[in-house]
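One-letter residues, chain by chain:
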Amino acid sequence: MYTALTIAGSDSCGGAGIQADIKTMTALGVYAECCICALTAQNTMGVNAIKEVEEDFVGAQLDAVFTDIVPDAVKIGMLSNSDIIKMVGSKLNEYDAKNIVVDPVMVSTSGSKLMADEAIATLKSHLLKEGTVTTPNIPEATVLCDMSITTASDMEAAARSIYEEFGCAVLVKGGHGIADTARDYLYGDGISEWFESPRVDTDNTHGTGCTLSSAIAAYLAKGFDLVNAVAHAKSYLQGALEAGLNLGHGNGPLMHTWNIQ
């Protein structure tokens, strides 16, 4: 049985975070484990409250996982403060974790801020270098490389800059309106690849970043190389968007189980 670990925050509405990750990994035939780093009171309209987990307990969760059911891949999502980021980075290094997908979650789909300002610097210094691949959207990539991104060429330049600084492969996600199609660019480790899919006309995009990154982790856990893991993950995400689930009063969640209905 393939296994994957998600290290992220909980979403009480079930569409993003730990819940989306577990649904995605399960739908793709991978046994999901989790380390909860924050509790959120949120729904499709926004994040109302965040309660952070103490970093020592985050470490205890990771010890429990890695000393028993060792994950074949790891997905990292919302880590809201520097102490948690340092603990996660230290434990991943201690246990020589493999196939690490870092989703640098800074802002939710609804626009709520999920990471403290000082935590961004810690993310850069303590976690990105541990990653196999990082999956920033355009606003997140802008923060990571400190450059404006408005064209496809800018996406390529940003990916190169992030790779050269941190040494992990980079998937810059183009879902924030650069083109009429959903174009993502993967760069690093001898890879320079564009992925393109039709843009789905829907407001129900809550948890898309979480879903894509956990799908990539699931396919890496199953032994796919990075290019094919990204390609299959995008195909899964496309299906989850096209399934047309319509819940909530804001940016609704995806249909994570579309492929096993």
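Refer to the preceding data block for the structure.
Residues numbered from 1 in each chain as written. Predicted model: local features only at pLDDT ≥ 70, side-chain atom pairs only at ≥ 80, totals over all residues. Heavy atoms only, no water.

J.: Describe the overall build of the chain, listing the residues and the values that go with them.
T.: Per the secondary structure count, the chain includes eight helices and nine strands. Relative to the globule expectation of 18 Å for 261 residues, the C-alpha radius of gyration of the chain, 17 Å, shows essentially globular dimensions. Judged by the C-alpha coordinates and their principal axes, the chain covers about 45 × 40 × 35 Å. A total of 261 residues make up the chain; the buried ones form 53% of that total. At a minimum sequence separation of 6, the contacts of the chain that also span at least 24 residues come to 68%. Total accessible area computed for the chain in this model is approximately 10700 Å², and 49% of it derives from carbon and sulfur atoms. Here the chain contributes 15 positive and 32 negative side-chain charges, whose respective centroids are spaced 1 Å apart. (Helix = DSSP H or I, 4+ residues; strand = E, 2+ residues; numbered from the N terminus. Rg over C-alpha atoms; globule rule 2.2 N^0.38 Å. Buried < 20%, exposed > 50% of the residue type's maximum accessible area, 1.4 Å probe, protein only. Contact = heavy atoms within 4.5 Å. Areas by Shrake-Rupley, 256 points an atom, 1.4 Å probe, with all protein chains shown as cover. Lys, Arg positive; Asp, Glu negative; His and termini not counted. Charge placed at Lys NZ, Arg CZ, Asp CG, Glu CD.)

J.: Describe the side chain of Ser80, and please don't skip the residues or the numbers.
T.: Looking at the element boundaries, Ser80 is found in the loop between β4 (73-76) and α3 (82-94). Polar contacts involving the side chain of Ser80 include one to the side chain of Glu52, which spans 2.8 Å. (Polar contact = N/O pair within 3.5 Å; in protein donor to acceptor, adjacent residues only side chain to side chain.)

J.: How would you sum up the packing of α3 against helix α4 (residues 117-126)? Please name residues and give values.
T.: Their axes nearest at 8 Å, the elements α3 and α4 cross at an angle of 15°. In terms of orientation, α3 lies roughly parallel with respect to α4. Here α3 and α4 pass one another in a crossing that is right-handed. Between α3 and α4, the contacting residues are Ser82, Ile85, Lys86 and Gly89 on the first element and Glu118, Ala119, Thr122, Leu123 and His126 on the second. Among the residues making up the contact of α3 with α4, the classes are represented as three nonpolar, four polar and two charged. (Axes fitted to C-alpha atoms, helices over the stretch in contact; angles between N-to-C directions. Parallel < 35°, antiparallel > 145°, perpendicular 65-115°, else oblique. Left-handed = near helix turned anticlockwise from the far one by under 90°. Nonpolar A, V, L, I, M, F, W, Y, C, P; charged D, E, K, R; others polar.)

J.: Tell me about the nonpolar core, and please be specific about residues and values.
T.: Core analysis: the biggest nonpolar cluster contains 42 residues, and Ile7, Ile76, Val88 and Leu92 have the highest contact counts within it. Setting aside residues no more than four positions away along its own chain, Val88 makes contact with Ile7, Val58, Leu62, Ile76, Leu79 and Leu127. Core analysis: the next-biggest nonpolar cluster, separate from the first, contains 30 residues, Ala169, Leu171, Tyr219 and Leu220 among them. (Core = buried A, V, L, I, M, F, W, Y, C linked by side-chain atoms within 4.5 Å.)

J.: Could you give an account of the pairing of strand β2 (residues 31-43), naming the residues involved and the relevant values?
T.: The sheet contact formed by strand β1 (residues 3-11) and β2 spans nine bridges and is parallel. The partner of Asp11 across the bridge, within β2, is Thr40. This β-α-β element, β1 to helix α1 (residues 17-27) to β2, shows right-handed connectivity. Relative to strand β3 (residues 46-52), β2 runs antiparallel, the two sharing six bridges. In the strand pairing of β3, Gln42 is matched with Val47. With antiparallel pairing between neighbouring strands as the criterion, β2 and β3 make up a hairpin whose turn holds two residues. (Pairing = 2+ DSSP bridges. Right-handed = clockwise from strand over helix to strand, strands pointing away.)

J.: Provide a residue-level description of α1, including the pertinent values.
T.: All buried positions along α1 are accounted for by Gly17, Ile18, Ala20, Asp21, Thr24, Met25 and Ala27. Contacts from the buried residues of α1 go to β1, β2, β4, α7 (208-221) and α8 (226-242). The positive-phi residue at the C-terminal boundary of α1 is Gly29, with phi of around 80°.

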